[in-house]
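Listed below are the residues making up each chain.
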Amino acid sequence: MFMGLVVKSNELIRASYTLSTVEQRIILMSIVTARDISDITPDTLCHIRANDYAELYDVSAQTAYEALKEASEVMFNRRVTVKVFDKVLNRIVPLSVRWLSGINYLEKEGLVTVRFSKELIEHITEVYENFTRYKIENISTLSSQYSIRLYELLVSWLSVGKTPVFEIQEFRSQLGLQPDEYDRIQNFKQRVLDFALEQVNENTDITASYEQHKAGRTITGFSFTIKAKKKKAETKKATDTKKAAKEEQIDWVT
């Protein structure tokens, strides 16, 4: 089975961009694949196979082939804003860059070939100190582009246990929403935030809850409390310990 670690700089995780569910899945699989290459460069080609996609995301082979083909036709134009050093201005400036410098769908082989933009490579190879890592299996059952983005945003703050207040407009952009999408707050909460959070809580290795922040009656942002779920082995050990203690108490009473 396709497995491995997704590694992203926190800057990239907290950036604003729009990618569909399929496009995010391909990017994440490409990052995992890139980590298996010792010295990834702007010339390095990564391959995402339809069979691996189908197995990881539990879809049919035909669905996987179609997903890779359709995504390959639009992903070259997807952009994200990162910070780079401008030698002329002698300071850090924001720069809109493509995720990929190249992509192609090879139908006979059933795979997509991708090459990351040079500006993105340092954000997926742990050059920076502030990185987040998680297992790609953790998001494999998330069916919404918003739930994948929400998971990444939350897990980047897991070591702290809580997030700062996400200002509403920036938060919407981080989740990949356009300005006119779900612009009424109740629609945003019901159709995006609550649905995404439910998926994260049910299907990943973390649980979270949020608090609304207001200015008067207007919601201006959200903050989250995050916890890691107990691993099955830890849960079993705790259950066995309780069971043993209960049996010992019964023996003592007897």
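What you are looking at is a predicted structure, and each value in this text was computed from that prediction instead of being measured.

### Brief notes about the overall build of the chain
Helices and strands together make up the secondary structure of the chain, namely nine helices and 10 strands. C-alpha atoms of the chain, sized along the principal axes, occupy 80 × 55 × 35 Å. Classification of the 254 residues of the chain by burial places 43% in the buried group. The contacts of the chain with a sequence gap of at least 6 include a subset with a gap of at least 24, amounting to 62%. Accessible surface, the chain: about 14600 Å² in total, of which carbon and sulfur atoms supply 48%. Positive and negative side-chain charges of the chain, numbering 35 and 35 respectively, have mean locations separated by a distance of 4 Å.

### Observations concerning unusual backbone geometry
Trans is the prevailing form of peptide bonds, just as negative phi is the prevailing case for residues other than glycine. Of note, the phi angle at Asp58 is positive, near 55°, even though the residue is not glycine. Within the secondary structure, Asp58 sits in the loop between helix 3 (50–57) and helix 4 (61–72). By relative accessible area, Asp58 is classed as exposed at 70%. If you check the backbone angles, Asn90 has positive phi at about 60° while not being a glycine. Note that Asn90 resides in the loop between strand 3 (79–86) and strand 4 (91–98).

### Structural notes on the packing of helix 6 (residues 145–155) against helix 8 (residues 185–203)
Packing of helix 6 against helix 8 leaves a shortest axis separation of 8 Å and a crossing angle of 70°. In terms of their interaxial angle, helix 6 and helix 8 are classed as roughly perpendicular. In the packing of helix 6 onto helix 8, the handedness of the crossing is right-handed. Between helix 6, through Tyr146, Ser147, Leu150, Tyr151 and Leu154, and helix 8, the contact on the second element is made entirely by Val192, Leu193, Ala196, Leu197, Gln199 and Val200. Its residues assigned to classes, the contact of helix 6 with helix 8 comprises nine nonpolar, two polar and no charged.

### Observations concerning the packing of aromatic side chains
Across all of its chains, the model carries 11 aromatic pairs by this definition. Between the aromatic rings of Phe166 and Phe224, the centroid separation amounts to 5.8 Å while the plane-to-plane angle is 45°, which identifies the pairing as tilted. With Phe166 in strand 8 (residues 166–167) and Phe224 in strand 10 (residues 218–228), the pair connects residues that are 58 residues apart, well separated along the chain. The burial state of Phe166 is the same as that of Phe224; both residues are buried.

### Observations regarding the nonpolar core
The biggest cluster of nonpolar side chains holds 69 residues, and the ones touching the most others in it are Phe116, Ile136, Leu150 and Phe171. If we skip the residues at most four places from it in the chain, Ile136 touches Phe2, Met3, Gly4, Val6, Leu28, Met29, Val32, Leu56 and Tyr57.

### What to know about the pairing of strand 4
Taken together, the eight bridges between strand 3 and strand 4 define a ladder with antiparallel strand orientation. The partner of Val80 across the bridge, within strand 4, is Val97. Count of turn residues in the strand 3/strand 4 antiparallel hairpin: four residues, of which Asn90 carries a positive phi of about 60°.

### Brief notes about the packing of helix 3 against helix 4
Any two packed helices are characterised by how steeply their axes cross, that is the angle between the axes, and by the distance between the axes. Running from N to C, helix 3 and helix 4 point in directions that differ by 115°, and their axes come no closer than 8 Å. Between helix 3 and helix 4 the crossing geometry is right-handed. Between helix 3 and helix 4, the contacting residues are Ala50, Asn51, Tyr53 and Ala54 on the first element and Ala61, Ala64, Tyr65, Ala67 and Leu68 on the second. Across the contact of helix 3 with helix 4, the residue classes tally to eight nonpolar, one polar and no charged.

### A short note on the environment of Asp205
Position of Asp205 relative to the elements: it lies in the loop between helix 8 and strand 9 (206–215). Judged by relative accessible area, Asp205 falls into the partly exposed class, the value being 29%. Aside from chain neighbours lying at most four places away, what touches Asp205 is Asn138, Tyr151, Lys227, Ala228 and Lys229.

### Side note on the sheet that holds strand 9
Here three strands make up an open sheet; going across it, the order is 8-10-9 and the pairing antiparallel. Each of the sheet's edge strands pairs with one partner strand only, and the pair in question is strand 8 and strand 9. Across 10 bridges, strand 9 lies against strand 10 in antiparallel orientation. By the bridge assignment for strand 10, Tyr210 is matched with Phe224. The sheet contacts of helix 6 involve strand 9 and strand 10, and relative to strand 9 the element is tilted by about 90°. Packing against the sheet, helix 8 makes contact with strand 9 and strand 10, and its axis sits at approximately 160° to strand 9.

### What about the pairing of strand 5 (residues 100–106)?
With six bridges connecting them, strand 5 and strand 6 (residues 111–116) associate as antiparallel partners. Among the inter-strand pairings, Asn104 is bridged to a residue of strand 6, identified as Thr113.

The rules we used
- Residues numbered from 1 in each chain as written.
- Predicted model: local features only at pLDDT ≥ 70, side-chain atom pairs only at ≥ 80, totals over all residues.
- Heavy atoms only, no water.
- Helix = DSSP H or I, 4+ residues; strand = E, 2+ residues; numbered from the N terminus.
- Buried < 20%, exposed > 50% of the residue type's maximum accessible area, 1.4 Å probe, protein only.
- Contact = heavy atoms within 4.5 Å.
- Areas by Shrake-Rupley, 256 points an atom, 1.4 Å probe, with all protein chains shown as cover.
- Lys, Arg positive; Asp, Glu negative; His and termini not counted.
- Charge placed at Lys NZ, Arg CZ, Asp CG, Glu CD.
- Axes fitted to C-alpha atoms, helices over the stretch in contact; angles between N-to-C directions.
- Parallel < 35°, antiparallel > 145°, perpendicular 65-115°, else oblique.
- Left-handed = near helix turned anticlockwise from the far one by under 90°.
- Nonpolar A, V, L, I, M, F, W, Y, C, P; charged D, E, K, R; others polar.
- Phe/Tyr/Trp six-rings, centres within 6.5 Å; stacked < 30°, edge-to-face > 60°.
- Core = buried A, V, L, I, M, F, W, Y, C linked by side-chain atoms within 4.5 Å.
- Pairing = 2+ DSSP bridges.

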